[in-house]
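One letter stands for each residue in the lines below.
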Amino acid sequence: MQLSAVNKRRWSRFKLNKRGYYSLWMFVFIFLLSLFSEFIANDKPYMITLNDKHYFPMFTVYPETVFGGEFETETEYIDPYVEQLITEQGGVMYWPPIRFSYDTFSVDLGATVPSAPSATHVLGTDDFGRDVFARILYGLRLSIMFGLLLTILSTIIGVIVGACQGYFAGMVDLIGQRFIEIWTSVPSLYVLIILASLFSPGFFVLLFIMLLFSWVSLVGVVRAEFLRGRNYDYIKAVRVMGLGPLAIMFRHLLPNAMVATLTFLPFILNGAIATLSALDFLGLGLPPGSASLGELLRQGKENPNAPWLGFTSFIVISVLLSLLIFIGEAVRDAFDTNKKSAVM
Amino acid sequence: MVLSMSSHSSVLLDVHNLSVSFATDGRVSEVVKEVSFYINEAEIIALVGESGSGKSVSALSIMQLIRQDIHTQKGQIFFNQTELVNADDKTLRRLRGGEISMIFQEPMTALNPLHTIERQIAEMLVLHQPLMTKEQVDERVLQLLEKVHIANAKQRRKSYPHELSGGQRQRVMIAMALANNPKLLIADEPTTALDVTIQRDILNLLCDLQQEMKMAIMLITHDLHIVKRMAQRTYVMKEGNIVDHNTTSQLFNKPAHPYTRHLLDSVPSGQPNTYQETADPILEVKDLRVWFGLKTGILRRVNDYVKAVDGVDFDLRRGETIGIVGESGSGKSSLGLALIKIVEAKGKVLYKDREILQLSQKQMRPLRKKIQYVFQDPFASLNPRFTVGQILLEGLNVLFNHTSKEEKQYKIEEALTSVGLETHMINRYPHEFSGGQRQRIAIARSLVLQPDILILDEPTSALDMSVQQQVIALLKDLQLTHTLSYIFISHDLEVVRIMANNVLIMHQGKIVEQGNTQQIFDNPQQEYTQKLIQAACELHAL
């Protein structure tokens, strides 16, 4: 894809903000890493070779009988008995670097839970004996995915509402503005608590509930850009050509609002992740057992004798949020044409 | 250091080999290139050039106002033997508003809307003459306002800028500039944003004040008429260089440089195209009114109206040009926009005997291609994100949706060629074109729809003189080849005279006078028209 000259300049201005530029790479790295969580931290091996046959437990469910066991249920690969069974038959198991998934209970810890960091559990375990590193990895993916989805959905709704308000102005705008004023003054946290107690808060229910309140964040900027843009001569000119409102809004006006929108995105993403963590921390978020950063933070609060829980979750959340803020600042610089770039 | 002119005793300002360059995204461009000029005490000089020639940057450099924005600055600027290039902030602050002051083009934005004019003038005094008592300041403010002929200065000094007209604001700007008896006044396009009658008054005022206060004026303008009238010496700038310099009379009589000659030749001249006067009108406008309601009270009831257009009648025939002349706020643009239903209006507009004001936007759509509009500012009227091809295609897609792709392409190329652009420019973006070329694109955009009527809203006033001339010639050519009818909205009487067969003079929404252009210009009947034409004559030597 060929970038236009304007976008090339924006990209070079973005790169000039070194902190933001490196933050972007770090964020992309962390995100990609977390996307492949299953291959890094899993309680199933990549591959088992047994009697010249290859098994891929991550993709297929094998009952224990396949490997000569007794149960018809799925094989527990981390069970020492299974391991012994396979190695005795001359089979080889290829394990990922961390042999625990986010919901794997380590039974043979030989210590009380939460257990301190050790060779097997680099960041220790939580109070159910689950590996903290694995939980962080899966938790990051969940948080970022949740944040991205929420950001995309609230951007779509926010842009549409803002566009209508700005373009049609007058009564539409008046009603829209008053509605938003009332809507934003609703204490969203309490509503979330009430709604969370009515529905069992799964991933998508939570997404929907939070979407109810987060779409407003973009309406203001988009509305302002459209209000300004509707009086431009070139908009009047296409009206003279007989273009309908939809075509004008989305072909001619939306590109003007995109700069403001894009500048806001990292901050909205940031807010979404922070809110999700907060809800999980309060125990109102994702269902128990899900890998979540907020839940780990709560465990840290409840187990002051296990500082690795609190420290790890605190550091991970603050690094993630800081990275997003730095990226957001760089994006803002990139779109800011008044900012002078150094002479190259 | 030996400087060319500093030996001259009365030299007030001496700019020597000044170069200024800006950096945008890594590219350094030199905007002013080794420019030298000087101003004697109590002298008026003019710096003339088209937009982008570097005249404003040269002037701003004297005040060192753009120091933080520029990349490099070379050369010397001596004001009364003080070197200004790289002078410290304290020296500069003492000079700015004290011995050197400046008035800007746009009085709307150059005054702070939150303070009374009295306070803004007083600030200039307090900053530079801290020893003045409050009474002295008050008295001086009043004196200054009277000096710039603000009527009822005593009451008016408590006004906020929005309560004043454009001309009054410019007077207040001048009062501020004169507050500390400057030795040098830099006037950057001081009258460009103003109507002719006010232009004339402001220029007269500046001349009188210059005589009275014995200050030097550096006039920056693109308008040769103003130069001729005001300046003793003139420098001509082009692309960052001073290409010509002479006393004004010499320069006008015997222009040495080809560019000066080109500028002088670009004063518009010619006759309107003829048309068949007995044909049936294609557009009849009857009692057209554009009233904007003024809502008051809690219930927002409409209690009063701003009558932007109030009872306008005229007929337009094939190939005819009707000029609509008026000062800003006279309702001429509202009239134009009402005809294409962008602004709501009452009354009757008949296009080929079909009433169009009653039509819905959908019913109006097929008629849109017949009546098209060209906007004033070609920098604002083209979507910067669309290529020329896309801009032209936009209208075709809506209004000629059954036409094949190839045929649309052919229409676009034909329209571009007819406005004098090349077909290979089709994939370029508006910012790659000059102002004149952009206006051609805007005309092509309308032309591609094969209209009968073009409404031209000040199509030349955002353009430089020489480009203006070309666009007018183009419009006249197009009118003949396509038998177009024009509604030509303008405040520039000179251009109207060579374009329009008939003219409407508008004032406060009403038509003051209408009829044959030549007759009205030669023999205006109404007092308002007489005043308008007289002011234009004085300014432009019509």
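This is a predicted model, so every value here is computed, not measured. (Residues numbered from 1 in each chain as written. Chains lettered and ligands numbered in written order. Predicted model: local features only at pLDDT ≥ 70, side-chain atom pairs only at ≥ 80, totals over all residues.)

> Just give me the short version of helix α16 (residues 435–447) of chain B, but keep the residues and values in it.
All names here are of chain B. Its 13 residues place the ends of α16 18 Å apart at the C-alpha level, agreeing with the 18 Å of an ideal helix rising 1.5 Å per residue. By the criterion of burial, α16 is predominantly enclosed, with twelve of the 13 residues buried. Those residues of α16 that sit buried are G436, Q437, R438, Q439, R440, I441, A442, I443, A444, R445, S446 and L447. If you follow the buried residues of α16, they end up packed against β16 (371–374), α14 (388–399), α15 (405–418), β17 (453–457) and α17 (465–482). (Helix = DSSP H or I, 4+ residues; strand = E, 2+ residues; numbered from the N terminus. Expected span 1.5 Å × (residues − 1). Buried ≥ 20, exposed ≤ 12 C-beta atoms within 10 Å, placed from the backbone. Contact = placed C-beta atoms within 7 Å.)

> How would you sum up the interface of chain A and chain B? Please name residues and give values.
With 17 residues of chain A at the interface, the matching set in chain B holds 22 residues. Contributing elements (two or more residues each) for the side of chain A that touches chain B: α10 (233–240) and α11 (245–282) of chain A. Here the element with the most residues in the side of chain A that touches chain B is α10 of chain A; it accounts for seven residues. Split into classes, the residues belonging to the side of chain A that touches chain B amount to ten nonpolar, three polar and four charged. (Nonpolar A, V, L, I, M, F, W, Y, C, P; charged D, E, K, R; others polar.)

> Kindly report on the sheet that holds strand β3 (residues 92–94) of chain A, identifying the contributing residues and their values.
Residue and element names in this part refer to chain A. Strands sit in the order β2-β1-β3 across an open sheet of three strands; the sheet is antiparallel. A single partner strand is all that each edge strand has here, and the edge strands are β2 (53–55) and β3. Pairs of neighbouring strands in the sheet enclose a mean axial angle of 15°, with direction left out of account. Where strand β1 (residues 47–50) lies against β3, three bridges are found, and the strand directions are antiparallel. Along β3, the bridge assignment pairs I48 with M93. (Pairing = 2+ DSSP bridges. Axes fitted to C-alpha atoms, helices over the stretch in contact; angles between N-to-C directions.)

> Explain the pairing of strand β3 (residues 44–48) of chain B to me, and be specific about the residues and the numbers.
All names here are of chain B. When you tally the buried positions in β3, you get five out of five residues, the bulk of the element. Of the two faces of β3, both are covered, the one formed by I44, A46 and V48 as well as the one formed by I45 and L47. As paired strands, β3 and strand β8 (residues 216–221) are joined by five bridges and run parallel to one another. Counterpart to I44 in the pairing with β8 is I217. The sheet contact formed by β3 and strand β9 (residues 233–238) spans four bridges and is parallel. From the neighbouring strand, A46 faces β9, where its bridge partner is T234.

> Lay out the confidence of the model for chain B with the relevant residues and their values.
Overall, the prediction assigns chain B a mean pLDDT of 85, with 96% of residues at 70 or greater. For residues 1–8 of chain B, every residue scores under 50 in pLDDT, and the model assigns this stretch eight contacts once sequence neighbours within four places are set aside. (pLDDT = per-residue confidence, 0-100.)

> Could you give an account of the sheet that holds strand β20 (residues 510–516) of chain B, naming the residues involved and the relevant values?
Residue and element names in this part refer to chain B. Here six strands make up an open sheet; going across it, the order is β16-β17-β18-β13-β19-β20 and the pairing mixed. Every interior strand has two partners, whereas the edge strands, β16 and β20, have only one. Put simply, the sheet's adjacent strands are angled 15° from each other on average, direction ignored. By the bridge criterion, four bridges tie β16 to β17 in an arrangement that is parallel. Considered in β17, the bridge of I371 is made with I453. Across the sheet, α16 lies against β16 and β17, angled at about 170° from β16, the strand it touches most.

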